[in-house]
Amino acid sequence: MLSSAAAMADGPSYSRIQASYQEVDLDLGGGIDADGDGFGVGGSVAIGDSWYVFADYSTADLASVVDLTILTIGGGWHTSMTTNTDFFAELGFADGEIDVSGFGSESDSGYSATVGIRSMLSEELEVYGSIGQVDFDDFGDGTNISAGLWYTASGNLALGLGATFDDDITRYGIGVRLYFDR
């Protein structure tokens, strides 16, 4: 009997570290945009069958004038929708800083909440999509939509593409991920 590759794939992994390069577009308001690039690092560790903790850090140099840094630390829960697809929900603490050359810097903190789906289309290919909310005390809040894919090139090493869109920041990235439990 024939079986699909998706039916043979296990669910997504929640124990990993990753690094990424990203192109960033920041809307500063008043029709002014700052474009640039940066990097991100992050990871998560599974705790039991349904829980995990995570941390993500990203920084970007925009138009050689604006530096943007965001740190998010939190926890998540996931449950299987099918043998290879998970629904997940995350809550986290977010800390951000914007440094504008010649004008100083501002920092703020708040929370983040995200829900989404991760699915292993095959043993090598994972796709994901999510919608999230970040609410800073002074910077304001924003809703974001993220989507992308990870391709496991060899054993526990994966390569990925992704994009995140919200009201003020658009990010496109490529990355590398190392799984601990594969």
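Presented here is an overview of the structure given in this document. Computed from a predicted structure; not experimentally measured.

So, on to the pairing of strand β1 (residues 16–29). Alignment of β1 against strand β2 (residues 32–47), held across 13 bridges, turns out to be antiparallel. Its bridge partner lying in β2, Gln18 is registered against Gly42. Pairing analysis gives 11 bridges linking β1 to strand β10 (residues 169–179), with the strands arranged antiparallel. Residue pairing for β10: Leu26 is matched across the bridge by Ile169.

What follows deals with the sheet that holds strand β5 (residues 85–100). Taken together, the 10 strands give a closed barrel; going around it, the order is β1-β2-β3-β4-β5-β6-β7-β8-β9-β10, and neighbouring strands pair in antiparallel fashion. Sheet twist, expressed as the mean angle between neighbouring strand axes with direction ignored, is 20°. Relative to strand β8 (residues 141–154), strand β7 (residues 125–136) runs antiparallel, the two sharing 11 bridges. Directly across from Ile131, in β8, lies its bridge partner Ile145.

Evaluation of the coordinates by the stated rule reveals 4 aromatic pairs. Look at Phe39 and Tyr57: their rings are 6.3 Å apart centre to centre, the planes differ by 50°, and that puts the pair in the tilted class. Of this pair, Phe39 sits in strand β2 while Tyr57 is found in strand β3 (residues 51–62), placing the two residues 18 residues apart along the sequence. Sitting over the face of the ring of Tyr14, Arg118 holds its NZ or CZ atom 4.5 Å from the ring centroid.

Now for the nonpolar core. Note that soluble globular proteins tend to have their nonpolar side chains buried in a common cluster. If you look at the biggest cluster of nonpolar residues, it comprises 8 residues: Val24, Leu26, Ala34, Ala60, Leu62, Val66, Leu68 and Ile169. Sorting the residues of this core by element identifies β1, β3 and β4 (66–80) as the ones contributing at least two each.

Here the focus is the pattern of salt bridges. With the rule as written, the count across this model stands at 2 salt bridges. The shortest N-O distance in the salt bridge between Glu126 and Arg118 comes to 2.6 Å. Note on Glu126: relative accessible area 1%, which makes it buried. Between Arg177 and Glu126 there is a salt bridge, and its shortest N-O distance comes to 3.8 Å. With Arg177 in strand β10 and Glu126 in strand β7, this pair connects stretches of sequence that are 51 residues apart. Here Arg177 matches Glu126 in class, with each residue buried.

Scoring rules and cut-offs
- Residues numbered from 1 in each chain as written.
- Predicted model: local features only at pLDDT ≥ 70, side-chain atom pairs only at ≥ 80, totals over all residues.
- Heavy atoms only, no water.
- Pairing = 2+ DSSP bridges.
- Helix = DSSP H or I, 4+ residues; strand = E, 2+ residues; numbered from the N terminus.
- Axes fitted to C-alpha atoms, helices over the stretch in contact; angles between N-to-C directions.
- Phe/Tyr/Trp six-rings, centres within 6.5 Å; stacked < 30°, edge-to-face > 60°.
- Lys NZ or Arg CZ within 6 Å of the ring centre and 35° of its normal.
- Core = buried A, V, L, I, M, F, W, Y, C linked by side-chain atoms within 4.5 Å.
- Buried < 20%, exposed > 50% of the residue type's maximum accessible area, 1.4 Å probe, protein only.
- Salt bridge = Lys/Arg side-chain N within 4 Å of Asp/Glu carboxyl O.

Interpretation in functional terms is not warranted from these geometric data alone.
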